[in-house]
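# Structural characterization, general
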Amino acid sequence: MRDEKSSEDGDPIRTRDVWFTERDDKIALSLKHDGKLYDVQSDYQRVEVYNTQAYGNMLTLDGMVMTTEKDEYVYHEMITHVPLLTHPDPKRVLIIGGGDGGTAREVLKHENLEEVVMVEIDDKVIEASKMHLPTIAQSLDHPKLNLIIDDGIKYVNDAADGSFDLVIVDSTDPVGPAEGLFTVDFYKEVHRILSADGLMITQSESPRFNSKVFKEIYQTYRGIFGQDNVHCYLAHIPTYPTGMWSFSYSSKGSANPMNLKPTEEVDAFVKANKLRYYNADLHKAAFALPNFVKEMIG
Ligand code: SAM
C-alpha cells in the first residue's frame, strides 16, 4: 500500500509503506518507512531523516544510513566505552564528526572527564538530529560539551601537541567531506595531538563489505602507530551493510585493550548507565576476530 503526499514549503513529506533503499553497485539494504521528516541539501551533503517502521527515525547522509533510533546504541556504546574503560586516566576527549550526538552522549557518561570537544562540519546534521532524533542528540547542549562547527581536519591540524587523551573519529565513509579523514596526513596529525598514553578510535568500516578500505585503514594506522599498537574490534549493527562493523583501537603508548578497569567498576558503570550492548565480557569478545578478518589485517 502506498499513500504519498508531496512536500509543501518545507513540510515533511508524508508517505506510507514506502521503501528506503541504500544501494551499492552489488547489494542494497531496504527499510520500509512512513514518511520523510527532514530533507535538506547542506553545503556538504544531503541530510535526510526517515520514519522507518522497524528501526524508528533514521538519519541518512547522501542516501547512506548513519544511525537509527533503535540500533544506535551498539555503535555509540562501542566507539566510546571500549577506549574510556581501558585508558588509565582519560581527561580530554576530542570527537571528530558525530553530529547526531550519540557519541557525545556516551562520552559524557564518564563524569571524570575535564574537557570534551566535538568538531562537526555540518550544522544541518545537528539540526536534523535535534529535531528528529532527540534521544540520540540529547547531550548536544550539555554544559561540558564544547561543540564546534568546523572541519575536523583543520581543528586537528591547529591543535597543540599532546592535547587529547582520546580522539574518536566518528565519521562518514571516505567520500565527500570525510574524504580527508581517511588520509595518512590526518592520522599523523591525530597521533601528534595525542598525549603519551593517548588512544585513537575510529569506525573502520565493514570487513565484509568495504574490504579494500578496511585493509588500507589498518595498514595506514600501523604505519603511524606501530604494528603492535593497532587493534580491531567488531560489533553487530543491523542497519549497516552486512551488519558486521569494525572499529579500530590505536594507542600512542602500547596500551593493551584487554586491560579493562576492574570488572566490578565496569559492571557498576554499565548498570548505572543502563547500557544495552556493552559489558565487560562483550568488551573482551569484541577483539576476538574471525580468521578471515585476521588474515585481512595481517
Ligand atoms: N555512525 C555513522 C556511520 O558510520 O555511518 C557516522 C556518523 S555521522 C553523524 C558522521 C559525521 O561526520 C557527519 O555528521 C558528517 O557531517 C561528519 N563529518 C564528515 N566529514 C567531516 C569533517 N571533515 N570534519 C568534521 N565532521 C565531518
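Calculation notes
Residues numbered from 1 in each chain as written. Predicted model: local features only at pLDDT ≥ 70, side-chain atom pairs only at ≥ 80, totals over all residues. Helix = DSSP H or I, 4+ residues; strand = E, 2+ residues; numbered from the N terminus. Rg over C-alpha atoms; globule rule 2.2 N^0.38 Å. Buried ≥ 20, exposed ≤ 12 C-beta atoms within 10 Å, placed from the backbone. Contact = placed C-beta atoms within 7 Å. UniProt positions renumbered as here; feature names shortened; annotations may be inferred. Pairing = 2+ DSSP bridges. Axes fitted to C-alpha atoms, helices over the stretch in contact; angles between N-to-C directions. Core = buried A, V, L, I, M, F, W, Y, C linked by C-beta atoms within 7 Å. Expected span 1.5 Å × (residues − 1). Arc of directions from axis to C-beta. Parallel < 35°, antiparallel > 145°, perpendicular 65-115°, else oblique. Left-handed = near helix turned anticlockwise from the far one by under 90°. Nonpolar A, V, L, I, M, F, W, Y, C, P; charged D, E, K, R; others polar.

In the annotation of an unreviewed UniProt entry, the entry for the protein chain reads S-adenosylmethionine decarboxylase proenzyme, and the organism field reads Roseivirga spongicola.

### Here's the deal with the overall build of the protein chain
Within the protein chain, the secondary structure is distributed over 10 helices and 12 strands. Taken over C-alpha atoms, the radius of gyration comes to 19 Å for the protein chain, in line with the 19 Å a tight globule of 298 residues would show. Buried positions account for 44% of the 298 residues belonging to the protein chain. Relative to all contacts within the protein chain whose residues are 6 or more apart in sequence, the contacts with residues 24 or more apart total 64%.

### Section: the UniProt feature "binding site: spermidine" (unreviewed entry) in the protein chain
The positions UniProt marks with the feature "binding site: spermidine" (unreviewed entry) are His76, Asp100, Asp170, Ser171, Thr172 and Asp173. Classification of aspartate 100 as buried rests on a count of 26 C-beta atoms within 10 Å. Among all residues touching aspartate 100, those that are not within four sequence positions of it are Leu59, Met66, Thr67, Val125, Ser129, Leu133, Ile136 and Ala137. Tracing the backbone through its elements, the reader meets aspartate 170 in strand β9 (residues 164–170). If we ignore the near neighbours within four places in the chain, the residues touching aspartate 170 are Ile79, Ile95, Ile96, Gly97, Gly98, Thr103 and Gln203.

### Structural notes on the sheet that holds strand β6 (residues 92–97)
Ordered in space as β8-β7-β6-β9-β10-β12-β11, the seven strands form an open sheet in which the pairing is mixed. Two strands in the sheet have a free side with no partner beyond their single neighbour: β8 (145–149) and β11 (230–236). Averaged over all neighbouring strand pairs, the angle between strand axes comes to 15°, with direction disregarded. Both strand β7 (residues 115–120) and β8 contribute to a ladder of five bridges, which runs parallel. Along β8, the bridge assignment pairs valine 119 with isoleucine 148. In this fold helix α6 (residues 184–193) packs onto β9 and β10 (194–203), with an angle of close to 140° to the strand it touches most, β10. Against the sheet, helix α7 (residues 211–225) contacts β11 and β12 (244–251), and its axis sits at roughly 5° relative to β12.

### Re the nonpolar core
Soluble globular proteins: nonpolar side chains tend toward being buried together. Within the largest apolar cluster, 72 residues are counted, with the highest numbers of intra-cluster contacts made by Met78, Val93, Ile95, Val167, Ile168, Val190 and Ile201. The residues touching valine 190, leaving out its near neighbours within four places in the chain, are Val156, Val167 and Met200.

### So, the environment of proline 134
Within the fold, proline 134 resides in helix α4 (residues 134–137). With 65 residues separating them in the primary sequence, proline 134 and glutamate 69 have C-alpha atoms 9.0 Å apart.

### Quick look at α7
If you check α7, its first and last C-alpha atoms are 21 Å apart, about what 15 residues at 1.5 Å a residue would give, namely 21 Å. Along α7, the positions that sit buried rather than exposed are Phe214, Ile217, Tyr218, Tyr221 and Phe225. One face of α7 carries all of its buried residues, which in axial projection span an arc of 90°. Its buried side turned inward, α7 meets α6, β11, β12 and α10 (291–297). Phi for glycine 226, located one or two positions after α7, is positive at around 105°.

### Focus on unusual backbone geometry
Positive phi is not limited to glycine here, since aspartate 62 has a value of about 50°. On the secondary structure map, aspartate 62 appears in the loop between β4 (56–61) and β5 (64–68).

### Here we look at the environment of serine 211
Following the sequence through the fold, serine 211 ends up in helix α7. Assessed through the 14 C-beta atoms surrounding it within 10 Å, serine 211 is described here as partly exposed. Separated by 86 residues in the primary sequence, serine 211 and isoleucine 297 have C-alpha atoms spaced 10.0 Å apart.

### Here's the deal with the packing of α6 against α7
At a minimum axis separation of 10 Å, α6 and α7 run at an interaxial angle of 40°. Relative to α7, the element α6 is oriented oblique. Between α6 and α7 lies a crossing whose hand is right-handed. Along its contact with α6, which presents Val184, Tyr187, Lys188 and His191, the element α7 presents Thr220, Tyr221, Ile224 and Phe225. Within the contact of α6 with α7, the residues separate by chemical class into five nonpolar, two polar and one charged.

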